[in-house]
Amino acid sequence: MQLSDLPDDLHFLVLSYVPEDSLLRHCRLVCHRWKEIVDSQALWKLKCLRAGIVNNIGNFPVRFDWRRVCLKKPFDRNLIKNPCGEHGFRNWKRINGGDGWTIENSRDVIPEANSQKCFASSYEWCLKEQIVDLIKEGLWEELLDCYQPDIFVFDWYGGREDCGCIYQIKVHLLAADKNTVRARFESSPPSIQQWNDAKYQKVSCVFRNYGPGVRFVKFFHRAKDTQFWAGHYGARVTNSTVRVSLSRTEALPGVEVIDKESQSSVNMEDDEYDYQFRSWISEDDDEHMQNQARDVESRKSNKLCIIN
């Protein structure tokens, strides 16, 4: 018996156990029969359901791209790259106020984090930004425009025991031009006082019913200390998270729901933010960093005296 003599169902079953990369690179090129099976949504749906990537969603209201979901796995994972600083400052745009950002071991444990490291800020505003491309991460236009799956945002911040700190966060859902804001979340929690327990605080929100046209998530936060001390005594931030979920849960304790009809309104000094967004400095911008260091050198000596 030759391979061509086997029934289609058996070909389908065998191919469903082949790794995704081999299906696309090798099996799809073997023959026209295998190409049709590999290109079928039924094969990728079976692989998704078997792996538990997506539960059986029944009569979904929009076209469901099972192949894309199986390959990209866009749901229920963190779309923020390098959320805890385990890879240095990779994937982050940043402004280094004061003595700038540094990366430290966390002073508190976050069980759900993939690393127990954190970004530590300084005595002037330190800022970080990352933009998530939802299409590149595996979602597709029809799903975002018609079904509008929930987009969750989480962030953790905390201070040192011996120094107070301030933290703020701003998240925008952007259109394809990366400028038009479809929905926004902004939060400026109360500052953490000096002599605290160094425990992390969690900021949470979910974007829901945000309307068509969303293609990017712009995640931005900033932090500093309250004592104006040289070094890295400002707020620690870690495990920044953007996660897309197909399931919709009505009871969301502690999570602020942002929909098309409601917006979180906090005065975040937009003019200053806009200026800072235009003034991103890269890790290689040595000249800018040297000029910044000279500007604060005289004040550093005074702060060192305070610490001593």
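Computed from a predicted model, the values in this text were never measured in an experiment.

Here is what the cut-offs are and how they apply
- Residues numbered from 1 in each chain as written.
- Predicted model: local features only at pLDDT ≥ 70, side-chain atom pairs only at ≥ 80, totals over all residues.
- Heavy atoms only, no water.
- Pairing = 2+ DSSP bridges.
- Helix = DSSP H or I, 4+ residues; strand = E, 2+ residues; numbered from the N terminus.
- Axes fitted to C-alpha atoms, helices over the stretch in contact; angles between N-to-C directions.
- Polar contact = N/O pair within 3.5 Å; in protein donor to acceptor, adjacent residues only side chain to side chain.
- Disulfide = S-S within 2.5 Å.
- Phe/Tyr/Trp six-rings, centres within 6.5 Å; stacked < 30°, edge-to-face > 60°.
- Buried < 20%, exposed > 50% of the residue type's maximum accessible area, 1.4 Å probe, protein only.
- Lys NZ or Arg CZ within 6 Å of the ring centre and 35° of its normal.
- Salt bridge = Lys/Arg side-chain N within 4 Å of Asp/Glu carboxyl O.

Here the focus is the sheet that holds strand β9 (residues 216–225). The strand order across the open sheet built from five strands is β1-β4-β9-β6-β7, with neighbouring strands paired in antiparallel fashion. Looking along the sheet, the strands with just one partner apiece sit at the ends: β1 (93–95) and β7 (181–187). Put simply, the sheet's adjacent strands are angled 15 degrees from each other on average, direction ignored. Bridging between strand β6 (residues 165–174) and β7 involves six bridges; their strand directions are antiparallel. By the bridge assignment for β7, I169 is matched with S187.

Turning our eyes to something else, we now look at the side chain of R222. Tracing the backbone shows R222 in strand β9. Within the local environment of R222, its side chain forms a polar contact with the side chain of Q168, the two groups lying 2.7 Å apart.

Within the structure shown, the criterion is met by zero disulfides. Looking at C118, it has no disulfide partner, and the nearest cysteine sulfur is the one in C84, 8.9 Å off.

Counted according to the given criterion, the structure contains twelve aromatic pairs. Here the aromatic rings of W229 and Y233 are separated by 5.2 Å at their centres, their planes lie at 90 degrees, and the arrangement is edge-to-face. For the pair formed by W229 and Y233, the shared burial category is buried. Taken together through their ring pairs, the aromatic side chains of F89, W92, W101, F119 and F219 make up a single cluster. Just above the ring of Y17 sits the side chain of R50; from NZ or CZ to the centre is 3.8 Å.

In the structure shown here, the tally under the stated rule is 19 salt bridges. We note a salt bridge from R215 to D145, for which the minimum N-O separation is 2.9 Å. With R215 in the loop between β8 (201–207) and β9 and D145 in helix α6 (residues 141–147), this residue pair connects regions lying 70 residues apart in the sequence. Note on R215: relative accessible area 12%, which makes it buried. Through salt bridges that share partners, R28, K35, D39 and R67 make up one connected network.

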